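The chain contents come next:
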Amino acid sequence: MVKIAFSSPFAAKKPSKDVEALVAETDTEVAAQGTENSTGRCLLTLLGLAFILAGLIVGGACIYKYFMPRHKLYEGVMSYSEQHDLVEEPYYLPVSEEADIREDDNIALITVPVPNFAESDPAAILHDFDKLLTAYLDLQLQKCYVIDLNTSIVMLPRNLMDLFIGLADGSFLPQTYLVREDLVVSEKIDDLSELGIFIYQHCFGRETYRLVRREQIIGLQKRSVENCITINHFENDFVTSTRICT
Ligand SMILES: *[C@@H]1O[C@H](CO)[C@@H](O)[C@H](O)[C@H]1NC(C)=O
């Protein structure tokens, strides 16, 4: 519509002109009209695209807000100190994590990135407070390890949220200590459906194993060669170093 209004003055002008002048001018005018038209068209197209893009962004945001559950993502960093045999001074290792805490579903999803210096694997840890299970997904090996939720290591969702809020606004001092736990693979789980929908989704398509604490298997025959991974994470005001051996 705008385009018609833009080019009509030229069209109306033409018949009133002398034939000679018109003939002389035609070439240049056509050329000028052509460039002006294409510039206008180009601008309109850009404007249109900008509108469409803006619409898509606003629309997308609305759809996201209405259809996605309201997950809150928290990010936190902690350092811990550990007594060293030779050096008296404690050393600090920052552990940063992202946590998606869903109180409605009673689950917490903790993302542990690759640490700068430590032999810890990146992981995605899911705590299901209804099923009372924890699933460690080792992102490097793409394997899942499931164990009973230990409530003395993992805070309840509400408290976990407070912890991460405190870490984010700096009211919580992110310097803490390390607790080690030693877990051993006991069996492969073939039927993931018994683990509840959230761990099912979390571990789907990955080899999944059940874990036991090492002190629970004392007396059992120990394998001569063990393959171990370590995941450093926090779901409390201390950092847990989870060693998982196969
Ligand atoms: C929970 O973790 C703590 C610290 O590692 C440990 O002392 C305790 O035995 C664990 N509890 C269960 C039930 O596994």
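Heads up: these notes are all about the structure in this document. The model shown is predicted, which means the values in this text are computed figures rather than measured ones. Within any chain, residue numbers begin from 1 and follow the written order of that chain's sequence. Note on the predicted model: pLDDT of at least 70 is required for a residue's local features to be given, and 80 or more for side-chain atom pairs to be given and counted; whole-chain, interface and lining totals, by contrast, use all residues. To get the side-chain values, all heavy atoms of the structure are used, and hydrogens and water are removed first.

This part takes up the side chain of R214. Inspection of the secondary structure assignment puts R214 in the loop between β8 (207-213) and β9 (228-233). A relative accessible area of 16% means that R214 is categorised as buried. In the analysis that follows, any N or O atom pair within 3.5 Å is treated as a polar contact, provided that within protein one partner can donate a hydrogen and the other can accept it, and provided that, for residues neighboring in sequence, both atoms belong to side chains. Within the structure, the side chain of R214 is placed 2.9 Å from the side chain of D182, a separation counted as a polar contact. Numbered from the N terminus, helices here are DSSP runs of H or I no shorter than four residues, and strands are runs of E no shorter than two. Relative accessibility under 20% of the residue-type maximum defines a buried residue, over 50% an exposed one, and the middle range a partly exposed one, all with a 1.4 Å probe and only protein chains included.

This part covers the site of the ligand. If a single non-hydrogen atom of a residue is within 4 Å of a molecule or strand, that residue counts as near it. Around the ligand sit N150, S152, I153 and R213, and those are all the residues in its vicinity. N150 is positioned with one of its side-chain polar atoms (N or O) 2.2 Å from an oxygen atom of the ligand. Values of accessible area rely on a 1.4 Å probe in the Shrake-Rupley scheme; residue burial ignores everything except the protein chains shown. In isolation the ligand offers 360 Å² of accessible surface; the protein chains occlude 47% of this area. Charged means Asp, Glu, Lys or Arg here, nonpolar means Ala, Val, Leu, Ile, Met, Phe, Trp, Tyr, Cys or Pro, and polar covers whatever is left, Gly included. By residue class, the composition of the shell around the ligand is 1 nonpolar, 2 polar and 1 charged.

Further remarks concern the pattern of salt bridges. For side chains bearing opposite charge, pairing can occur when the charged atoms are close. Any Lys or Arg side-chain nitrogen found within 4 Å of a carboxyl oxygen on Asp or Glu counts as a salt bridge. Evaluation of the coordinates by the stated rule reveals 12 salt bridges. A salt bridge links D162 to R158; the shortest N-O distance between them is 3.3 Å. Highlighted residues: D162 and R158, both in helix α3 (residues 157-169), separated by 4 residues, approximately one helical turn. A relative accessible area of 40% places D162 in the partly exposed class. On the basis of relative accessibility, which here comes to 42%, the residue R158 falls in the partly exposed class. Residue R214 pairs with D182 through a salt bridge whose shortest N-O separation is 2.9 Å. Residue R214 is found in the loop between β8 and β9, and its partner D182 is found in strand β7 (residues 175-188); the two are separated by 32 residues along the sequence.

A word on the packing of aromatic side chains. Put simply, two rings from Phe, Tyr or Trp (the six-membered ring, in Trp's case) pair if the centres are within 6.5 Å, and we call them stacked under 30 degrees between planes, edge-to-face over 60, tilted for the rest. In this structure the tally under the stated criterion is 4 aromatic pairs. Consider the rings of Y200 and F204, whose centres lie 5.5 Å apart with planes at 45 degrees: the pair is tilted. Judged by relative accessible area, which is 32%, Y200 ranks as partly exposed. For F204, a relative accessible area of 53% gives the class exposed.

Soluble globular proteins tend to bury their nonpolar side chains together. The term nonpolar core refers to a set of buried residues drawn from Ala, Val, Leu, Ile, Met, Phe, Trp, Tyr and Cys, joined through side-chain atoms within 4.5 Å. In this structure, Y136, F164 and I244 are the most contacted members of the largest nonpolar core, which totals 35 residues. Sort the elements by how many residues they give to this core and α3 lands first, with 5 residues. Contacts: residue pairs with any heavy atoms within 4.5 Å of one another. Apart from residues no more than four positions distant in its own chain, I244 is found in contact with Y136, Y145, L183, V185, L211, N227, C228, I229 and I231. In this structure, L133, A135, V146 and L192 belong to the second largest nonpolar core, which totals 14 residues.

Right, let's talk about the state of the cysteines for a bit. Only a pair of cysteine sulfur atoms within 2.5 Å counts as a disulfide in this structure description. Tallied over the full model, the rule gives 2 disulfides. Across the disulfide from C144 sits C203; the S-S distance is 2.0 Å. Judged by the sign of its S-S torsion, about -65 degrees, the bond between C144 and C203 is left-handed. Residue C144 is found in strand β6 (residues 143-148), and its partner C203 is found in helix α4 (residues 197-203); the two are separated by 59 residues along the sequence. Here the two residues C144 and C203 agree in accessibility, since each one is buried. Shown here is the disulfide that connects C228 with C245, its sulfur atoms set 2.1 Å apart. Looking down the S-S bond of the C228 and C245 bridge, the torsion is 110 degrees, so its handedness is right-handed.

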